[in-house]
Amino acid sequence: MKKTAVVLPMVSLRTTPNSVMETQERIVDILKKNSLSVTDSRKKILRYFLESDGALAHADIEHQSGTEFDRVTIYRTLQTFVDKGIIHTIPTADNAVRYALCKDDCYAGHHHDDHVHFMCDQCGTTYCLDHITVPGISLPAGFKAQQTDLVVSGICSKCNN
Ligand SMILES: [Zn+2]
Ligand SMILES: [Zn+2]
Ligand SMILES: [Zn+2]
């Protein structure tokens with residue numbers, strides 16, 4: 001089954017706080033483009049990503065939503081977004097998978113997130129370094145890379161001030 005690539009704009013996915021209406025429209029637009037029905041949980045969880053500076057863990061979403069959604073709903077929603085190429089996962093050393101919006105040319109069943117991730121030891125924020133590509137590594141004969149993840153840890157620019 002071949003799907004048309006959903007090209008998400010490079011910068012405009014992130015929003016400023018005063019563009020609430022615009023965010024709402026963008027959320028519905030993203031869901032519709034991915035042939036997802038517009039449900040409360042999908043709208044809310046997508047909004048967290050659009051309004052967040054860094055990546056989100058399952059626990060962050062649970063904290064933000066309070067008792068509104070149960071764990072299973074959050075898991076299912078995140079999984080649907082990953083399957084659709086809306087968000088990607090970031091494996092981290094503490095075993096708490098983080099999720100972040102895809103800004104690359106991702107679509108259902110096909111992710112192109114080849115950027116480096118940065119995890120701040122001080123504030124715990126995980127960032128997508130969108131413009132820094134994971135360097136290619138040469139593998140032994142017969143090995144074929146499917147995906148390469150690179151997570152750099154250290155102090156982020158906010159904490160470094
Ligand atoms: Zn992706
Ligand atoms: Zn930091
Ligand atoms: Zn990322």
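How each quantity is defined
Residues numbered from 1 in each chain as written. Chains lettered and ligands numbered in written order. Predicted model: local features only at pLDDT ≥ 70, side-chain atom pairs only at ≥ 80, totals over all residues. Helix = DSSP H or I, 4+ residues; strand = E, 2+ residues; numbered from the N terminus. Buried ≥ 20, exposed ≤ 12 C-beta atoms within 10 Å, placed from the backbone. Contact = placed C-beta atoms within 7 Å. Pairing = 2+ DSSP bridges. Expected span 1.5 Å × (residues − 1). Arc of directions from axis to C-beta.

Caption draft 1: Structural view of the overall build of the chain. When helices and strands are counted, the chain shows 4 helices and 6 strands. Expressed as a percentage of its 161 residues, the buried residues of the chain come to 22%. The contacts in the chain between residues at least 6 apart in sequence include a share of 54% that link residues at least 24 apart.

Caption draft 2: Quick peek at the sheet that holds strand β1 (residues 56-57). The antiparallel open sheet is built from 3 strands, whose spatial order is β1-β3-β2. Lying at the two open borders of the sheet, with one neighbouring strand each, are β1 and β2 (87-90). Of the pairings in the sheet, the one linking β2 to strand β3 (residues 98-101) comprises 4 bridges and is antiparallel in character. In the sheet register, Ile87 faces β3, and the bridge partner there is Leu101.

Caption draft 3: Here's a closer look at helix α4 (residues 71-84). When the terminal C-alpha atoms of α4 are compared, their 20 Å separation across 14 residues agrees well with the 20 Å that a helix rising 1.5 Å per residue should span. Three or more residues of α4 are buried, namely Thr77, Leu78, Phe81 and Lys84. End-on view of α4: buried residues confined to an arc of 130°, all on one side of the axis. The exposed residues of α4 that point more than 90 degrees off its buried face are Arg71, Val72 and Asp83. Taken together, the buried residues of α4 touch α2 (40-51), α3 (58-65), β2 and β3. Downstream of α4 by one or two residues, Gly85 has phi in the positive range, about 80°.

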